[in-house]
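# Commentary on secondary and tertiary structure
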Amino acid sequence: MTTYARRLGLFSGTMAVVGGIIGGGIFRTPATVAQRLGTPDLVLLAWVLGGIVALIGAFCWGELGQRRPRAGGGYVYLRETFGPLSAFLYGWTLVLVIATGAIAAVAVTFADYTLALLGLPHRFSVSLAVAAIVFLAGINYVGVRPAAITQNIFTILKLTALAALIAAGILLTIPTASYRPLPPSTAGAGALGSALVPVLFTYGGWQQTNFIAEEIIEPERNLPRALVLGVTIVVAVYLLTNLAYLRVLGHAGLAASTAPAADTMRAVLGPAGGKIIAAGIALSTFGFLNLVILVTPRVLQAMAADGVFFRRFAVLHPAYQTPTAAIVALAAFAVLLTLTGTFGQLVDYVTFGDWIFFGLTAACVFVYRFREQGAGSREHFRVPGYPVTVIIFVLVAAYVVFSSIVSNPRNAAIGAGLIGLGIPAFLYWRSRP
């Protein structure tokens with residue numbers, strides 16, 4: 001029987017973590033955060049707190065990944081701790097809505113920025129987005145190694161683009177009135193908590209590297225290291241990027257901006273700066289697109305291997321050692337969402353569901369630890385500060401879910417319905433011989 005090939009080292013694992021977090025969010029979310037908070041100090045504090053939560057998440061997934069270095073990541077942990085239904089609903093939501101919707105949305109963003117950069121008409125946007133999905137699916141089809149090389153190249157390029165933005169904002173400019181607060185009325189008692197929601201969404205994505213655990217060399221050692229190192233890099237980059245925004249635009253300017261990265265670069269380097277950041281966003285979204293297409297089919301493959309999805313998806317290609325049928329199916333569905341334009345609403349509906357499963361997956365650490373009591377102790381990567389840190393992460397996940405429901409109960413209700421549709425689907429697959 002064909003198995004996954006362990007071909008990814010610590011560097012590729014780290015680049016996967018970085019690439020899975022940095023998409024397009026850091027180029028626009030800071031403006032939303034600045035709108036909700038009254039001072040630059042609070043803005044930076046929100047990004048520090050978000051980074052701490054992301055780092056706790058990396059520690060949790062590091063311990064889980066070392067305990068169970070299997071393809072499918074969170075799907076495997078949930079199946080072993082909370083049962084097959086919870087795992088199926090996670091896979092159902094991820095593969096059929098969150099990941100495919102993200103692929104479509106990010107592909108369109110990539111196309112829009114690329115066309116603007118090249119001076120081509122916007123009417124080619126959908127065609128270019130579809131071409132990008134098909135091209136990257138082809139690279140991932142022929143092996144994890146070419147997919148990882150592509151990921152490494154584009155992650156380095158996106159970090160280079162962000163480094164240029166940081167250097168321009170911090171080294172090449174005299175600070176504006178960066179520390180002039182907005183009027184006090186704009187920052188209520190719950191402002192920091194409200195601002196943390198978009199911050200945490202922008203930090204999300206570290207968990208995706210666990211999906212390819214079976215293809216990482218010495219995953220028990222390299223996966224936890226890649227997670228912690230990757231998240232640490234992202235936290236540093238995000239803090240410096242926000243510092244650059246505040247230094248150039250000032251707090252009020254950042255809060256008023258619809259495209260803070262572009263505004264920052266234009267303010268420092270003129271029209272050329274706008275071109276540089278447009279190229280950076282195109283590179284960043286392309287790299288993120290590749291990462292999602294790389295890791296998500298492994299969840300489909302794990303579901304199929306458990307007999308709760310199409311059996312064909314469980315089979316690995318005998319030469320390429322990749323889940324080729326799952327890659328083709330994922331890409332085809334993402335292309336369909338791109339052509340119909342329905343991806344935006346789908347992602348909005350179930351985004352809160354992502355954090356439901358984040359909280360549940362982190363709680364798997366409690367179950368594994370409880371089960372090992374009284375058994376022979378084995379050496380594991382351990383979450384620092386356990387159980388307090390894990391409890392903090394679970395509570396933060398619950399807060400994000402609660403905030404999302406309160407802010408848009410209609411979307412949350414529809415999203416819950418989409419997730420709930422997985423229950424009859426699960427029962428159907430389980431009833432098959």
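Residues numbered from 1 in each chain as written. Predicted model: local features only at pLDDT ≥ 70, side-chain atom pairs only at ≥ 80, totals over all residues. Heavy atoms only, no water.

### Things to note about the layout of surface pockets
Going by this rule: Both cavities and pockets are sets of points on a 1 Å grid over the protein atoms alone; in a cavity a 1.4 Å probe fits but cannot get out, in a pocket the set is open with protein on both sides within 12 Å along at least five of seven lines, and lining residues sit with an atom within 4 Å of a point. Grid points are joined across faces, edges and corners, and a volume is the space filled by probe spheres set on the points. Counting from the N terminus, the helices are DSSP H or I runs at least four residues long and the strands are E runs at least two residues long. All amino acids are sorted into three groups, where Ala, Val, Leu, Ile, Met, Phe, Trp, Tyr, Cys and Pro are nonpolar, Asp, Glu, Lys and Arg are charged, and the leftover types, Gly among them, are polar.
Computed from the structure, the largest pocket encloses a volume of approximately 1,400 Å³. Of all the secondary structure elements, the ones that give two or more residues to the lining of the largest pocket are α1 (10–21), α2 (29–36), α5 (84–118), α8 (191–203), α11 (271–305), α13 (343–372), α14 (388–407) and α15 (409–420). In terms of residue count, α13 provides more of the lining of the largest pocket than any other element does, ten residues in total. Among the residues making up the lining of the largest pocket, the classes are represented as 21 nonpolar, 22 polar and four charged. Counted as a void, the second largest pocket has a volume near 340 Å³.

### Considering the pattern of salt bridges
Using the following cut-off: Salt-bridge detection follows one rule: a side-chain nitrogen of Lys or Arg within 4 Å of a carboxyl oxygen of Asp or Glu. The cut-offs for exposure are 20% and 50% of the maximum accessible area for each residue type, with area from a 1.4 Å probe on protein chains only; residues under the lower value are buried, those over the upper are exposed, and the others partly exposed.
According to the stated counting rule, one finds eleven salt bridges in the structure shown. A salt bridge links Arg-67 to Glu-372, with the shortest nitrogen-to-oxygen separation between them at 3.2 Å. In this pair, Arg-67 sits in helix α3 (residues 40–67) while Glu-372 sits in helix α13, placing the two residues 305 residues apart along the sequence. Here Arg-67 falls in the buried class, since its relative accessible area comes to 8%. Glu-372 sits in the partly exposed class, given a relative accessible area of 22%. For the salt bridge of Arg-68 with Glu-80, the shortest nitrogen-to-oxygen distance reads 2.5 Å. Separated by twelve residues along the polypeptide, Arg-68 in the loop between α3 and α4 (74–81) and Glu-80 in helix α4 bring together distant segments of the chain. Salt bridges linked by common partners bring Glu-63, Arg-67, Arg-369, Glu-372 and Arg-382 together as one network.

### As for the packing of helix α10 (residues 260–269) against α11
This is how it is decided: Lines fitted to C-alpha atoms define the axes, with helix axes restricted to the stretch in contact, and inter-axis angles between N-to-C directions lie between 0 and 180 degrees. Two helices cross in a left-handed way if the nearer one is turned anticlockwise from the farther one by less than a right angle. They cross in a right-handed way if the turn is clockwise. The contact definition used throughout considers only heavy atoms, calling two residues in contact when any of these lie within 4.5 Å.
It is the contact of α10 with α11, at a shortest axis distance of 6 Å, that shows an interaxial angle of 145°. In the crossing of α10 with α11, the sense of the turn from one axis to the other is right-handed. Contacts between α10 and α11 involve Ala-261, Ala-262, Met-265, Arg-266 and Leu-269 from the former and Pro-271, Ala-272, Gly-273, Gly-274, Ile-276 and Ile-277 from the latter. For the contact of α10 with α11, the residue count by class is eight nonpolar, two polar and one charged.

### Things to note about the side chain of Ser-404
Quick reminder of the rule: Pairs of N or O atoms are called polar contacts if they sit within 3.5 Å, as long as, within protein, a hydrogen donor faces a hydrogen acceptor (for residues adjacent in sequence, only side-chain-to-side-chain pairs).
Following the sequence through the fold, Ser-404 ends up in helix α14. Here Val-400 takes part through its backbone oxygen, which lies 2.9 Å from a polar atom of the side chain of Ser-404. Discounting chain neighbours no more than four positions away, the residues touching Ser-404 are Phe-201 and Phe-352.

### Let's talk about the packing of aromatic side chains
Where two aromatic rings form a pair, the distance of their centres and the angle of their planes describe that pair. Quick note on the threshold: Paired rings are identified among Phe, Tyr and Trp, the last through its six-membered ring, by centres lying within 6.5 Å, and are further divided according to the angle between planes into stacked (under 30 degrees), edge-to-face (over 60) and tilted (the rest).
With the rule as written, the count across this model stands at 26 aromatic pairs. On the numbers, 5.7 Å between centres and 90° between planes, the contact of Trp-61 with Trp-206 is edge-to-face. Here Trp-61, found in helix α3, pairs with Trp-206, found in the loop between α8 and α9 (219–256); they are 145 residues apart in sequence, far enough to count as distant. Taking the relative accessible area as the measure of exposure, Trp-61 reaches 2% and is therefore buried.

### Points about helix α16 (residues 422–431)
Quick note on the threshold: Here, the arc refers to the directions that run from the helix axis to the C-beta atoms.
Along α16, the positions that sit buried rather than exposed are Gly-422, Ala-425, Phe-426 and Trp-429. For α16, the buried positions fall inside an angular range of 100° around the axis, keeping them on one side. The exposed residues of α16 that point more than 90 degrees off its buried face are Leu-427 and Ser-431. Contacts made by the buried residues of α16 are with α5 and α15.

Everything listed here is a matter of geometry and, on its own, says nothing about what the molecule does.
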